[in-house]
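Descriptive analysis of the structure
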Amino acid sequence: MNPRYPSHPAPGYVPATFLPGTGPGAGSGGAAGPGAGSGGAAEPGAARPCEGHSAPLSPDHSAPLSPEEHRQLFDGAHHDPHALLGAHHVSGGIAFRVLRPCARSVTVVAKGLRAELHDDRQGLFTGVLPLQEIPEYRLMVEYDGGTHEVEDPYRLLPSLGDLDLHLIREGRHEQLWTALGAHPMTHQGVTGTRFTVWAPNARGVRVVGDFNYWNGTGHPMRSLGSSGVWELFLPGIGEGTLYKFEITRQDGSRQTKADPMARRTEVPPATASLVTVSHHQWQDEEWMAHRAEIPVHRAPFSVYEVHLPSWRPGLTYRELAEQLPAYVKDLGFTHVELMPIAEHPFGGSWGYQVTSYYAPTARLGTPDDFRYLVDALHRAGIGVVMDWVPGHFPKDEWALACFDGTPLYEHPDPARAEHPDWGTLEFDFGRTEVRNFLVANAVYWCTEFHIDGLRVDAVASMLYLDYSREQGQWSPNRHGGRENLAAVEFLQEMNATIYRRCPGVVTIAEESTAWEGVTRATHHTGPNGFGGLGFGLKWNMGWMHDTLVYLSHEPIHRKYHHSEMTFAMVYAYSENYVLPISHDEVVHGKGALVSKPPGDWWQRRATHRAYLAFMWAHPGKQLLFMGQEFAQGAEWSHESGPDWWLLDEAYSAAGDHRSVQDLVRELNRQYAATPALWQLDTDPTGFSWLDSGAADDNVFSFIRYDTGGQPLAAISNFSPVVRHGYRIGLPEVAASWQEVLNTDDHGYGGSGMINPEPLKTEPLAWNGRPVSVELTLPPLATVWLRPAATR
């Protein structure tokens with residue numbers, strides 16, 4: 001005997017499906033039920049036993065199934081088990097059929113009625129009672145460990161409404177998580193959990209879980225017609241129950257699958273889904289009320305990217321809530337961006353291979369624990385962006401892959417389904433229900449967890465049919481092109497839905513090509529013939545790549561690569577950009593940010609500081625990955641996280657790292673207080689080069705403006721040479737300019753070559769400007785200037 005599927009439950013075991021209770025109490029019939037003396041008293045809160053039972057009534061005869069019905073039922077291949085089980089009108093009365101594996105006997109009880117059913121073997125109990133109408137009945141089920149009074153799930157009507165089914169069929173159910181999955185509820189006066197799953201090509205589906213020893217024989221689901229949805233309401237099942245779906249494929253084989261709509265999971269490597277209900281009371285009303293007041297592209301947006309499991313290894317969501325908001329607020333970032341939170345089986349994927357799209361990873365706690373963290377960040381004034389991965393999913397056999405025995409979530413063409421880079425499967429964006437699954441998922445995170453932004457991963461791999469594919473490995477679209485038209489439509493629908501339903505939320509594309517119109521409105525058609533994709537922001541991968549390449553060169557050679565720092569301004573206003581120094585740039589042999597430039601430790605730190613100030617002043621929002629804010633020298637490891645020990649006062653070189661952290665704090669402080677650095681990020685009137693051609697000097701200088709014309713000048717010297725008396729032309733708006741930031745300040749670990757006195761303008765035209773100033777440019781440093789006095 002398989003110990004996991006015992007012939008009878010253990011002594012004293014009360015299946016979670018059941019509402020425990022005693023046998024029928026002494027009512028008008030006065031007879032004690034079979035539970036007396038064998039099952040114990042009713043538990044607190046259990047449903048009251050049926051009252052008023054008459055003396056026992058024997059069925060006229062059993063109500064056997066036909067051989068084919070019997071086979072389908074026990075093979076888990078019947079599309080409508082409710083037509084076989086439960087109570088039904090037949091010739092001669094009402095037929096009762098109950099499927100209770102491991103039960104010794106089953107008795108039907110109702111007011112004025114108690115009848116023990118025939119044992120037809122294999123856990124099937126049947127009988128025909130001479131009744132005119134189906135009574136409101138319950139079941140007395142006797143096991144070796146006792147007798148329990150329970151509801152019969154197969155007497156209940158479907159618990160999912162026609163409107164839900166219509167919206168699912170149409171692919172327009174924007175709150176899909178409320179219709180599919182596991183939902184505790186009261187249905188026809190009975191407390192339990194509704195289980196629903198989309199599996200249109202399955203021959204049958206059963207619910208398995210800890211409540212039935214993972215043997216679903218007694219819990220087959222019914223098909224709700226052309227929707228492809230299967231449903232079963234199980235009385236007595238509640239929060240915390242483990243479950244999966246057992247899918248019977250067309251060939252008769254069976255596979256146990258986690259719920260695609262599970263809102264909570266076991267801690268990996270365990271793979272079961274959990275029934276869950278949220279009890280979190282949100283306290284971020286003020287944040288939510290004001291987050292939509294200013295469009296993100298006109299607001300300060302400085303992002304700290306975090307991998308939660310490794311930021312402080314071992315901390316739970318709730319423990320992170322005590323540390324992360326305070327740390328981020330102290331450094332002045334406006335937002336955090338969380339690498340993928342949705343459940344994933346392999347930690348080494350960093351969350352980018354998702355198996356449960358609707359469940360926060362259980363590694364760090366419960367869904368409500370994650371809500372608590374988001375709440376804490378909002379109350380600290382910090383927005384929360386989440387990485388979202390709708391492009392592909394892993395092949396784990398217990399998850400989405402071939403879910404109902406056919407390619408369901410993935411594309412039916414194997415060549416289209418297989419992602420050539422990651423060994424994963426690509427979603428079938430052209431399938432209505434799949435697109436609905438993903439669009440609703442985006443809405444889910446923003447609605448249920450108050451997420452303020454979704455950074456969509458690997459957009460380029462979705463947009464192109466030939467992405468990472470050679471000639472002959474892909475087929476063109478109906479127009480003969482390489483664009484994935486279904487993916488374009490999906491992204492447009494997702495963005496339009498998010499912006500309509502979730503005011504104040506921003507969507508961000510990680511898109512690495514020159515696709516035109518990523519951040520253009522979906523209803524505005526561009527030169528490529530497509531409407532915009534509708535994103536709010538786009539990662540500027542070109543800026544990131546070019547500028548890091550520039551930094552990697554020896555200073556003496558940088559003059560030959562000067563355009564790598566200036567080229568981004570050629571296309572800076574073609575999209576709404578984020579300048580990302582992300583996790584991808586500090587792993588897999590690429591080195592940490594401070595390790596990319598050549599030179600000794602002082603020079604590398606100086607270049608690191610100069611680059612950060614150049615980045616903060618450049619048009620576009622900014623993102624910095626954890627550990628780079630204090631110049632960690634080692635690459636990031638998802639197992640150990642940032643090297644926090646570098647900041648420990650006991651470490652002799654801690655000052656080198658604390659000083660960079662101080663600079664980041666000051667950059668964010670100045671950034672938030674200077675509208676010129678963010679108000680016109682997407683408007684060319686907010687930027688002007690002072691000198692973009694000083695290649696021989698390795699110097700870049702430009703000016704930023706706010707909507708009122710107030711300027712800030714930024715001058716970066718990426719040479720290790722001090723440049724005394726360096727002349728810069730400036731707009732004629734002030735009699736003098738004041739240095740407000742200098743990355744070479746002693747406080748930031750520099751050499752102290754600063755400009756402490758106001759810089760008086762002279763009527764000497766320079767760089768095409770009517771006036772100019774002379775200043776000292778420190779080595780490997782960035783200086784910011786503001787008008788000190790107006791004319």
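Provided above is the structure to which this section pertains.
Below is a short write-up of the structure. (Residues numbered from 1 in each chain as written. Predicted model: local features only at pLDDT ≥ 70, side-chain atom pairs only at ≥ 80, totals over all residues. Heavy atoms only, no water.)

1. Considerations on the packing of helix 8 (residues 432-448) against helix 10 (residues 485-501)
In contact at an axis separation of 10 Å, helix 8 and helix 10 are set at 30° when each is read in the N-to-C sense. Between helix 8 and helix 10, the interaxial angle falls into the category roughly parallel. Handedness of the crossing formed by helix 8 with helix 10: right-handed. Contacts between helix 8 and helix 10 involve R435, L438, V439, A442, V443 and C446 from the first element and F490, E493, M494, T497, I498 and R501 from the second. For the contact of helix 8 with helix 10, a count of residues per class yields 8 nonpolar, 1 polar and 3 charged. (Axes fitted to C-alpha atoms, helices over the stretch in contact; angles between N-to-C directions. Helix = DSSP H or I, 4+ residues; strand = E, 2+ residues; numbered from the N terminus. Parallel < 35°, antiparallel > 145°, perpendicular 65-115°, else oblique. Left-handed = near helix turned anticlockwise from the far one by under 90°. Contact = heavy atoms within 4.5 Å. Nonpolar A, V, L, I, M, F, W, Y, C, P; charged D, E, K, R; others polar.)

2. What about the side chain of S105?
Within the fold, S105 resides in strand 3 (residues 105-110). Sequence-distant contacts of S105, defined by excluding residues within four places in its chain, comprise E116, F125, M140, V141 and E142.

3. Regarding the side chain of E305
Following the sequence through the fold, E305 ends up in strand 17 (residues 302-306). Although buried, E305 forms no salt bridge, and the nearest oppositely charged side chain, R455, lies 5.5 Å from it. Here H583 takes part through its side chain, which lies 2.7 Å from a polar atom of the side chain of E305. Ignoring any residue separated from it by four or fewer positions in sequence, one finds E305 in contact with E337, M339, D387, W539, S582, H583, L623, L624, F625 and M626. (Buried < 20%, exposed > 50% of the residue type's maximum accessible area, 1.4 Å probe, protein only. Lys, Arg positive; Asp, Glu negative; His and termini not counted. Salt bridge = Lys/Arg side-chain N within 4 Å of Asp/Glu carboxyl O. Polar contact = N/O pair within 3.5 Å; in protein donor to acceptor, adjacent residues only side chain to side chain.)

4. Remarks on helix 5 (residues 317-331)
Along an α-helix, a turn takes 3.6 residues, which lines up residues three or four apart on a common side. Compared with the 21 Å implied by 1.5 Å per residue over 15 residues, the 20 Å span of helix 5 between its first and last C-alpha is a close match. Considering bend angle alone, the principal kink of helix 5 is centred on Q323 and spans about 30°; proline P325 follows within four residues of it. Of the positions making up helix 5, those classed as buried are Y317, L320, A321, L324, P325, Y327, V328 and L331. Tucked into the core, helix 5 has its buried residues touching strand 17, helix 4 (308-311), strand 18 (335-338), strand 20 (356-360), helix 6 (367-379) and helix 14 (654-673). Just past helix 5, the residue G332 takes up positive phi, approximately 90°. (Expected span 1.5 Å × (residues − 1). Bend = angle between axes of the 7 residues up to and from the residue.)

5. Section: the layout of surface pockets
By volume, the largest pocket amounts to about 650 Å³. Residue lining of the largest pocket: 26 residues in total, with R291, I294, P295, V296 and G504 positioned closest to the centre. Considering only residue class, the lining of the largest pocket consists of 14 nonpolar, 9 polar and 3 charged. By volume, the second largest pocket is sized at about 510 Å³. (1 Å grid on protein atoms, 1.4 Å probe; cavity = no way out; pocket = protein on both sides within 12 Å on 5 of 7 lines; lining within 4 Å. Points joined across faces, edges and corners; volume = space filled by probe spheres on them.)

6. Some words on the environment of M185
Turning to its location among the elements, M185 is positioned in strand 9 (residues 181-187). Taking the C-alpha atoms as reference points, M185 and P235, 50 residues apart in sequence, are found 9.3 Å from one another. Ignoring any residue separated from it by four or fewer positions in sequence, one finds M185 in contact with S159, V190, T191, G192, R194 and F233.

7. Remarks on the sheet that holds strand 17
The parallel closed barrel is built from 8 strands, whose spatial order is 17-18-21-24-25-26-27-28. Geometrically, the sheet is characterised by an average inter-axis angle of 25° between neighbouring strands, direction not taken into account. Along the sheet face, helix 6 touches strand 18 and strand 21 (383-388) and points at about 135° away from the line of strand 21. Contacts from helix 10 reach strand 21, strand 24 (453-456) and strand 25 (506-509), with the element oriented near 155° to strand 25. (Pairing = 2+ DSSP bridges.)

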